[in-house]
Amino acid sequence: MDDIIRAFILASNDDITDFMTTCRTQIHGASLYLGQDTFLQYGCRLQFGQQSVVYLGWQDGKIMVMPYHPVNDNIVSSPFSGCLFGTFSYNNVDYAVHIATSHTTSDMRNKWENFCKINRNHITNVKIYQPNKDLTYQYGQVWGVISNTGKCYSIGIGRKGDIDDKRCLYIEESCNIFLGTQAYTDCCRRTNWQPNHNRRIF
């Protein structure tokens with residue numbers, strides 16, 4: 001089991017509340033220019049359960065990115081109710097990415113696809129998945145986690161309707177992941193993510 005997943009399983013309500021508070025107070029945003037496109041670098045670095053974490057925030061109608069070190073850093077992003085989450089390399093620099101998919105404001109999947117097409121000679125190691133949005137019916141928030149071993153997870157935090165419950169109550173490993181140079185096309189065009197193919201581990 002990945003160490004970051006073990007840390008979430010062992011974490012108390014207070015541990016996760018403190019983590020969330022730290023993320024909110026330390027998060028910062030800045031424009032990041034990759035080629036001709038501008039993204040929002042929006043997140044922070046912190047420790048959780050003796051694990052190095054890059055937290056990637058969310059804003060509606062935007063593509064958020066944060067640089068990270070694949071061998072050392074675990075990536076946590078939240079909340080999820082349909083957005084896409086993943087990693088990629090641009091000119092050999094590694095980034096985590098949170099792609100907004102809201103149908104009521106701005107669905108950023110087309111922008112992501114166009115970015116990848118235009119910069120196909122600069123982009124490698126694309127990995128995209130969708131944290132299980134169906135968990136939002138039962139849990140207070142759905143978080144996405146990519147471990148420093150490269151595994152992708154959906155985590156259910158707290159019970160629906162209980163704002164004081166911040167425990168980790170559910171974890172599944174996401175098996176439906178798009179890899180490689182066509183991942184941007186697949187994630188843009190495919191609608192059937194089949195979350196039932198995921199593997200519950202807690």
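Being a predicted model, the structure only gives us computed values, none of them experimental.

What counts and what doesn't
Residues numbered from 1 in each chain as written. Predicted model: local features only at pLDDT ≥ 70, side-chain atom pairs only at ≥ 80, totals over all residues. Heavy atoms only, no water. Helix = DSSP H or I, 4+ residues; strand = E, 2+ residues; numbered from the N terminus. Buried < 20%, exposed > 50% of the residue type's maximum accessible area, 1.4 Å probe, protein only. Lys, Arg positive; Asp, Glu negative; His and termini not counted. Charge placed at Lys NZ, Arg CZ, Asp CG, Glu CD. 1 Å grid on protein atoms, 1.4 Å probe; cavity = no way out; pocket = protein on both sides within 12 Å on 5 of 7 lines; lining within 4 Å. Points joined across faces, edges and corners; volume = space filled by probe spheres on them. Salt bridge = Lys/Arg side-chain N within 4 Å of Asp/Glu carboxyl O. Polar contact = N/O pair within 3.5 Å; in protein donor to acceptor, adjacent residues only side chain to side chain. Phe/Tyr/Trp six-rings, centres within 6.5 Å; stacked < 30°, edge-to-face > 60°. Core = buried A, V, L, I, M, F, W, Y, C linked by side-chain atoms within 4.5 Å. Contact = heavy atoms within 4.5 Å. Arc of directions from axis to C-beta. Disulfide = S-S within 2.5 Å.

Peer 1: Could you give me a rundown of the overall build of the protein chain, with the residues and numbers involved?
Peer 2: For the protein chain, the count of helices and strands is four helices and 13 strands. For the C-alpha atoms alone, the extent of the protein chain along its principal axes is close to 45 × 35 × 35 Å. Counting the 202 residues in the protein chain, one finds 52% classified as buried. When the 19 positive and 18 negative side-chain charges of the protein chain are each reduced to one mean point, those points stand 5 Å apart.

Peer 1: Can you tell me about the layout of surface pockets, naming the residues and giving the values?
Peer 2: Its volume calculated, the second largest pocket comes out at about 240 Å³. Lining the second largest pocket are 13 residues, with Cys23, Arg24, Tyr55, Ser78 and Pro79 positioned closest to its centre. When residues of the lining of the second largest pocket are traced back to their parent elements, those giving at least two are α2 (13-26) and β9 (139-146). Looking at which element gives the most residues to the lining of the second largest pocket, the answer is α2, with four residues.

Peer 1: Go over the side chain of Glu172 with me, naming the residues and quoting the values.
Peer 2: Among the secondary structure elements, Glu172 is positioned in strand β11 (residues 168-173). Lacking a salt bridge, the buried Glu172 has Arg200 as its closest oppositely charged neighbour, with an N-O distance of 7.1 Å. Reaching out from Glu172, the side chain makes a polar contact with the side chain of Asn198 at a distance of 2.8 Å.

Peer 1: I'd like a rundown of the packing of aromatic side chains, residues and numbers included.
Peer 2: Applying the stated criterion across every chain yields a total of 15 aromatic pairs. When the centroid spacing of 5.8 Å and the interplanar angle of 40° are considered together, the rings of Phe19 and Trp143 count as tilted. Linking Phe19 in helix α2 with Trp143 in strand β9, this pair joins segments that are 124 residues apart in sequence. As far as the burial class goes, Phe19 and Trp143 line up, both buried. Between Trp112 and Phe115 the ring centres are 5.7 Å apart and the planes differ by 40°, which places this aromatic pair in the tilted class. In this pair, Trp112 and Phe115 both sit in helix α3 (residues 109-118), three residues apart, roughly one turn of the helix.

Peer 1: Lay out the nonpolar core with the relevant residues and their values.
Peer 2: Core analysis: the largest hydrophobic core is formed by 41 residues, its most contacted members being Phe88, Trp112 and Phe115. Once residues within four sequence positions are removed from consideration, Phe88 is found in contact with Leu34, Val65, Val93, Asp94, Tyr95, Val97, Trp112, Phe115, Ile123, Thr124, Asn125 and Val126. In this structure, Ile16, Cys23, Val145 and Tyr153 belong to the second largest nonpolar core, which totals 22 residues.

Peer 1: How would you summarise α3 if you had to cite specific residues and measurements?
Peer 2: Those residues of α3 not exposed but buried are Arg109, Trp112, Glu113, Phe115 and Cys116. Projected down its long axis, α3 carries its buried residues within an arc of 160°, all on one side.

Peer 1: Let's hear about the state of the cysteines: which residues, and what values?
Peer 2: Note on terminology: a disulfide is the covalent bond linking the sulfur atoms of two cysteines. Tallied over the entire structure, the rule returns zero disulfides. Counting only cysteine sulfurs, Cys23 is the nearest neighbor of Cys168, a cysteine outside any disulfide, at a range of 14 Å. Classification of Cys168 as buried rests on a relative accessible area of 6%.

Just distances and angles here, no functional claims.
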